[in-house]
Amino acid sequence: MLFAVRFTDKAGLGAVRQRYMAAHLSWLAERQDVIKVAGSLRQTLDDVPLGALWIVEAESIAAVDELYQTDPFWTKGLRQSVEILYWSKAFPDLQVAI
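Residues numbered from 1 in each chain as written. Predicted model: local features only at pLDDT ≥ 70, side-chain atom pairs only at ≥ 80, totals over all residues. Heavy atoms only, no water.

As for the sheet that holds strand β2 (residues 35-41)
Spatially, the four strands line up as an open sheet ordered β2-β3-β1-β4, and their pairing is antiparallel. Lying at the two open borders of the sheet, with one neighbouring strand each, are β2 and β4 (79-86). The mean inter-strand angle of the sheet, taken between neighbouring strand axes irrespective of direction, is 15°. Strand direction decides the pairing type here: strand β1 (residues 2-9) and strand β3 (residues 51-57), joined by seven bridges, are antiparallel. (Pairing = 2+ DSSP bridges. Helix = DSSP H or I, 4+ residues; strand = E, 2+ residues; numbered from the N terminus. Axes fitted to C-alpha atoms, helices over the stretch in contact; angles between N-to-C directions.)

If you want it as structure tokens, here you go:
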């Protein structure tokens, strides 16, 4: 199953994001088989991110829940909240390079 995972970051923690970015990116790279797409969300290109969006392939919401809780951004307190939603791809056979 596919899931859209939307994170909201705590305000004012840009320094935490910077400090743990390398660990976070390494953690994501180790899970590319499950986390299909990941990236930060901002209101403008120059803003500090407000959170992130992932597309995850997993067996259940519980599996996604387990997954993100080991992310350095989660364990170091950057994330304020997470929303996990089932995601249905409109054109399942269409391959898109991102």
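Examining the pattern of salt bridges
Using the criterion set out here, one finds four salt bridges in the structure. The partner of R79 in a salt bridge is D9, and the shortest N-O contact between them spans 2.7 Å. One end of the pair, R79, is in strand β4; the other, D9, is in strand β1, and 70 residues separate them in sequence. Judged by relative accessible area, R79 falls into the buried class, the value being 4%. Among the residues examined, D9 registers a relative accessible area of 7% and is labelled buried. One salt bridge connects E30 with R31, and the closest N-O pair in it is separated by 3.3 Å. Residue classification places E30 among the exposed positions, given a relative accessible area of 56%. (Salt bridge = Lys/Arg side-chain N within 4 Å of Asp/Glu carboxyl O. Buried < 20%, exposed > 50% of the residue type's maximum accessible area, 1.4 Å probe, protein only.)

Shape is all these values report; function is a separate question.
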